[in-house]
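Survey of secondary and tertiary structure
Here's the letter readout for the chains.
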Amino acid sequence: MINKVIQISKEAGEIVREGFGKNFSIEYKTNSSNLVTEIDKKSEALIIDFIKKEFPGHSVLAEESGEHGSSSEYLWVIDPLDGTTNFAHGLPIFAVSIGVQKNGETICGVVYDIMRDEIYSAEKGNGSFCNGQKLQVNSNDDLRKSVLVTGFPYNISENPDYAFERFIASLKAARAVRRLGSAAIDFCYVASGVFDGFWEVHLHPWDVCAGKLIVEEAGGIVTNFNNEKIDIYSKQILATNDFVHNSMIKLLSNF
Ligand code: IPD
Ligand code: CA
Ligand code: CA
């Protein structure tokens, strides 16, 4: 199955790459920060058509079109373009993210970093890889030497959920904090050891499904800010190399 997920991630990524920098229509979802382009929709339609042909009967949860079917033990969780704001503004940091669950457990995940042509993939119990190279989180246990990454929800004005306070506390405690604009890529950089930790206050299942498995299979850990085990529907996400996890829990659970 992983090879099929990689195949369709690349095909969808191709559509996104071809659309980058061209004219495309943009609509607002909930507010003027929350965009969807025609390319998000094209990418998603391609992925769903593929699943219908190759895995008829499997259920789907996709960001732009919601649920398709609900009776299968398999669920495909799809973000057809993670990093839409970057894409729409010409910043080349965005990805396709696809996770597949069986009976509620993620069994494989793929994040395609489109402009770097990097396929991050993981199968449950089989490790994580980037273009075939095995991934391992880093082993830094000192928060002061950490580079962290975060993101902010589109409804931050109405529902700040202490995102600003947590951001400031992390800036003071770590070496640096970055904000790339693609949660899927943030997870992959924790898996590859670039970042020591990634947190967000309000993510969605399609942001989390593939990336969470990729971090875990690279030796990292993913919980909420109270250090509790989470599923893909948790809004709070903390993904780390494991070594700085407790320090980050102390920092983030303080609010
Ligand atoms: C967003 C990105 C961003 C994160 C937001 C997500 P989208 O996804 O992953 O980095 O901070 O919370 O909603 O809308 O570009 O698919
Ligand atoms: Ca997303
Ligand atoms: Ca998206």
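Residues numbered from 1 in each chain as written. Chains lettered and ligands numbered in written order. Predicted model: local features only at pLDDT ≥ 70, side-chain atom pairs only at ≥ 80, totals over all residues. Heavy atoms only, no water.

What about the domain arrangement of the protein chain?
By domain assignment, the protein chain separates into domain 1 (2–134) and domain 2 (143–252). Taken residue by residue, the interface counts 38 residues in domain 1 and 22 residues in domain 2. Taken over both partners, the interface formed by domain 1 and domain 2 buries close to 2300 Å², and the fraction arising from carbon and sulfur atoms is 63%. Where domain 1 touches domain 2, the interface holds zero salt bridges. (Domains from an automatic or database assignment. Contact = heavy atoms within 4.5 Å. Buried area = accessible area lost by both parts, 1.4 Å probe. Salt bridge = Lys/Arg side-chain N within 4 Å of Asp/Glu carboxyl O.)

Remarks on the pattern of salt bridges
For the coordinates displayed, the defined rule picks out ten salt bridges. Of the charged contacts, one joins Glu54 and Lys4 as a salt bridge, the two residues approaching to 2.9 Å between their closest N and O atoms. Of this pair, Glu54 sits in helix α2 (residues 38–54) while Lys4 sits in helix α1 (residues 2–19), and the two are 50 residues apart along the sequence. In this structure, Lys42 engages Glu38 in a salt bridge whose closest nitrogen and oxygen atoms are separated by 3.6 Å. Taken as a pair, Lys42 and Glu38 lie in helix α2 at a separation of four residues, close to a single helical turn. Accessibility expressed as a relative area gives 28% for Glu38, which makes it partly exposed. Here the salt bridges share partners, and the residues they tie into one network are Lys29, Glu63 and Glu64. (Helix = DSSP H or I, 4+ residues; strand = E, 2+ residues; numbered from the N terminus. Buried < 20%, exposed > 50% of the residue type's maximum accessible area, 1.4 Å probe, protein only.)

Focus: the site of ligand 1
Of all residues adjacent to ligand 1, which total 16 residues, the nearest are Asp82, Gly83, Tyr154, Ala183 and Glu200. Taking Tyr154, its side chain carries an N or O atom lying 2.7 Å from an oxygen atom of ligand 1. For ligand 1, an oxygen atom lies 3.4 Å from a polar atom in the side chain of Arg179. Compared with its free state, where it exposes 380 Å², ligand 1 has 97% of that area covered by protein. With three residues, strand β5 (residues 74–82) is the single largest residue contributor to the shell around ligand 1. Residues of the shell around ligand 1, tallied by class, amount to five nonpolar, five polar and six charged. Each of domain 1 (2–134) and domain 2 (143–252) gives at least three residues to the shell around ligand 1. (Near = heavy atom within 4 Å. Polar contact = N/O pair within 3.5 Å; in protein donor to acceptor, adjacent residues only side chain to side chain. Areas by Shrake-Rupley, 256 points an atom, 1.4 Å probe, with all protein chains shown as cover. Nonpolar A, V, L, I, M, F, W, Y, C, P; charged D, E, K, R; others polar.)

Re the sheet that holds strand β3 (residues 59–62)
Strand order in the open sheet formed by eight strands is β4-β3-β5-β6-β7-β8-β9-β10, with mixed pairing between adjacent strands. The outermost strands of the open sheet, each flanked by one partner alone, are β4 (66–68) and β10 (133–134). Relative to strand β8 (residues 118–123), strand β7 (residues 105–113) runs antiparallel, the two sharing six bridges. From the neighbouring strand, Val110 faces β8, where its bridge partner is Ser121. (Pairing = 2+ DSSP bridges.)

Thoughts on the coordination of the calcium ion (ligand 2)
Donor atoms from the polypeptide that coordinate the calcium ion (ligand 2) comprise Asp79 (OD), Asp82 (OD) and Asp207 (OD), at 2.1 to 2.2 Å from the metal. In this structure the calcium ion (ligand 3) is found 3.8 Å away from the calcium ion (ligand 2), and Asp79 serves as a bridging donor for the pair. Placement of the pair is Asp79 in strand β5 and Asp207 in helix α6 (residues 205–217), with a sequence separation of 128 residues. Here Asp207 falls in the buried class, since its relative accessible area comes to 8%. (Donors = N, O, S within 2.8 Å, 3.2 Å for Na, K, Ca; no water.)

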